[in-house]
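# Examination of the molecular architecture
What follows is each chain in one-letter form.
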Amino acid sequence: MPRLDLSADVVALTRQLVDIESVSHHEQEIADAVEAALRTLPHLTVTRRGHTIVARTDLGLGGRVVIAGHLDTVPLNDNLPARLEDGILHGLGTCDMKGGDAVMLKLAADVTEPNRDLTFIFYEAEEVDSVHNGLRKLTESDPDLLEADFAILMEPSNAAVEAGCQGTMRVDVRTTGERAHSARSWKGVNAIHLAAPVLARLNDYVARQPEIDGLTYHEGLNATGIRGGVAGNVVPDECVVEVNFRFAPDRSEADAEAFVRDFFQGYDVTVTDLAAGALPGLDRPAAQAFVEAVGGGVAPKFGWTDVAQFTKLGVPAVNFGPGDPMFAHKQDEHVPVEHVERCERILKEWLS
């Protein structure tokens, strides 16, 4: 089992984490290393559920902050081991999100007398279907471990605060025709051709941009795939357009589904995935205090993140982590050293 050196600086610790391969569903090695490192810290109580590790203080300070980050990565793309060049750490997971995990480990090791109780959650399977998500599982098995006044998700956000998140929904829009030999195509009905109006509707879609807590979100409705065809000499009888709807957090899951079904009225629509967004919660005192500590700037989170898990539990949460999310999942994934150091510095000052 690799050993994590919690006395190392946060950049070196990031590199140690990156070099432990942890593609989704293969997090045991990194979870074992994180658990072993945390169990050396006498001020923390450590709990493990699967490959999700929770470490908590219990000082009776009257307030609690959860800081969370996932341990898994997307599959390798010839981008391991990590390498450091000109103040940039390159490699799989540097941005999404082992830089954030390293910050959490340093806080866990160094902030032994915090000004509020702390809960650190290192969880599995964020990069795959939500049924496997370690944080979601924890909300069901041990919701008491997530109780807090405020939560910070260390997702990459350019070392600045991104509030809330948009919801995401995937649907299949299906057209149905009639098979025929392509030499006698007039004897059938081509289902792929029938999908043209579906694409036309999507092309004419105008995105809604609501303002929530002073932040402007931007919805999106896009075809992300299309399936159809039987053989090179057969007129197909079915075509499916895969559509992704990214909806602002002022819509509920039911509202989002109603909108999509109305948008594709007249077509067979099947929901294949749905996750609610999270309101910014910037009106909550804990969130306001953290934003002030970071410097006051806040941006909306357009993608979906696990802040939504905390919102369901009534815990206000923000995204705050090192790295530019535009480089997450890319072959040239990287994180600026300055981002990792900045997040560590700000959080240590705020919690001390």
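Residues numbered from 1 in each chain as written. Predicted model: local features only at pLDDT ≥ 70, side-chain atom pairs only at ≥ 80, totals over all residues. Heavy atoms only, no water.

As a reminder, the rule being used: UniProt positions are given in the numbering used here, feature names are shortened, and annotations may be inferred rather than shown by experiment.
Looking up the protein in an unreviewed UniProt entry gives the name Succinyl-diaminopimelate desuccinylase, with the organism given as Nocardioides oleivorans. Entered under Subunit (unreviewed entry) in the UniProt record, the comment concerning the protein runs "Homodimer." The heading Pathway (unreviewed entry) in the UniProt record of the protein holds the text "Amino-acid biosynthesis; L-lysine biosynthesis via DAP pathway; LL-2,6-diaminopimelate from (S)-tetrahydrodipicolinate (succinylase route): step 3/3."

### Quick notes on the pairing of strand β1 (residues 45–49)
How we decide: Strand pairing follows a simple DSSP-based rule, namely that at least 2 bridges must link the two strands. Here a strand is any run of E in DSSP of at least two residues, a helix any run of H or I of at least four, and the numbering for each starts at the N terminus.
Where β1 meets strand β2 (residues 52–56), five bridges bridge the pair, whose relative direction is antiparallel. Each residue of the ladder has a partner; that of Val46, found in β2, is Ala55. Taken together, β1 and the strand that follows it, β2, pair antiparallel across an intervening segment of two residues, in which Gly50 is found at a positive phi of about 65°.

### Observations concerning helix α10 (residues 337–351)
Rule in force here: One less than the number of residues in a helix, times 1.5 Å, gives the span that helix is expected to have. Categorising residues by exposure relies on relative accessible area from a 1.4 Å probe, with only protein chains included: less than 20% of the type maximum marks a residue as buried, more than 50% marks it as exposed, and the intermediate range marks it as partly exposed.
Compared with the 21 Å implied by 1.5 Å per residue over 15 residues, the 21 Å span of α10 between its first and last C-alpha is a close match. Residues of α10 that are buried: Val337, His339, Val340, Cys343, Glu344, Ile346, Leu347, Trp350 and Leu351.

### Structural notes on the environment of Ala207
Selection criterion: Any two residues having at least one pair of non-hydrogen atoms within 4.5 Å are treated as being in contact.
Turning to its location among the elements, Ala207 is positioned in the loop between α6 (196–204) and β11 (211–212). Judged by its relative accessible area of 24%, Ala207 falls in the partly exposed class. For Ala207 and Arg246, which are 39 residues apart along the polypeptide, the C-alpha to C-alpha distance reads 9.9 Å. In this view, Ala207 contacts His218 and Glu219; residues no more than four positions away in its chain are not counted.

### What about the sheet that holds strand β3 (residues 64–70)?
Under the convention used in this document: The axes used here are C-alpha line fits, helices contributing only the stretch in contact, and every angle between their N-to-C directions lies in the interval 0 to 180 degrees.
The mixed open sheet is built from eight strands, whose spatial order is β1-β2-β6-β3-β7-β18-β8-β17. Each edge of the sheet is formed by a strand with only one pairing partner; in this case those strands are β1 and β17 (298–300). Sheet twist, expressed as the average angle between the axes of neighbouring strands with direction ignored, equals 25°. As paired elements, β3 and strand β7 (residues 150–153) share four bridges and run parallel to each other. In the sheet register, Ala68 faces β7, and the bridge partner there is Leu153. Seen against the sheet, helix α2 (residues 28–38) touches β1, β2 and β6 (117–123) and runs at an angle of roughly 165° to β1.

### Some remarks on the UniProt feature "domain: Peptidase M20 dimerisation" (unreviewed entry) in the protein
Under the present numbering, the feature "domain: Peptidase M20 dimerisation" (unreviewed entry) in UniProt falls on residues 167–263. Helix makes up 25% of residues 167–263 and strand 38%. Its end C-alpha atoms lie 17 Å apart.

### Looking at the nonpolar core
Definition in use: The criterion is simple. A nonpolar core is a set of buried Ala, Val, Leu, Ile, Met, Phe, Trp, Tyr and Cys residues joined through side-chain atoms within 4.5 Å.
Among the nonpolar cores identified, the biggest contains 61 residues, and Val34, Leu38, Ile152 and Phe290 are the most heavily contacted of them. Val173, Ala191, Phe245 and Val260 belong to the second largest nonpolar core, which has 19 residues in total.

### Thoughts on the sheet that holds strand β16 (residues 268–275)
What the four strands build is an open sheet, ordered β13-β15-β9-β16; its pairing is antiparallel. Bordering the open sheet on either side are β13 (220–228) and β16, each of which pairs with just one other strand. Across this sheet, the average inter-strand angle for adjacent strands is 20°, counted without regard to direction. The sheet contact formed by strand β9 (residues 167–176) and strand β15 (residues 238–247) spans ten bridges and is antiparallel. In the strand pairing of β15, Val171 is matched with Val243. Sheet strands touched by α6: β9, β13 and β15. Its angle to β13, the strand with the most contacts, is close to 160°. The strands touched by helix α7 (residues 253–263) within the sheet are β9, β13, β15 and β16, with β16 carrying the most contacts at an inclination of about 155°.

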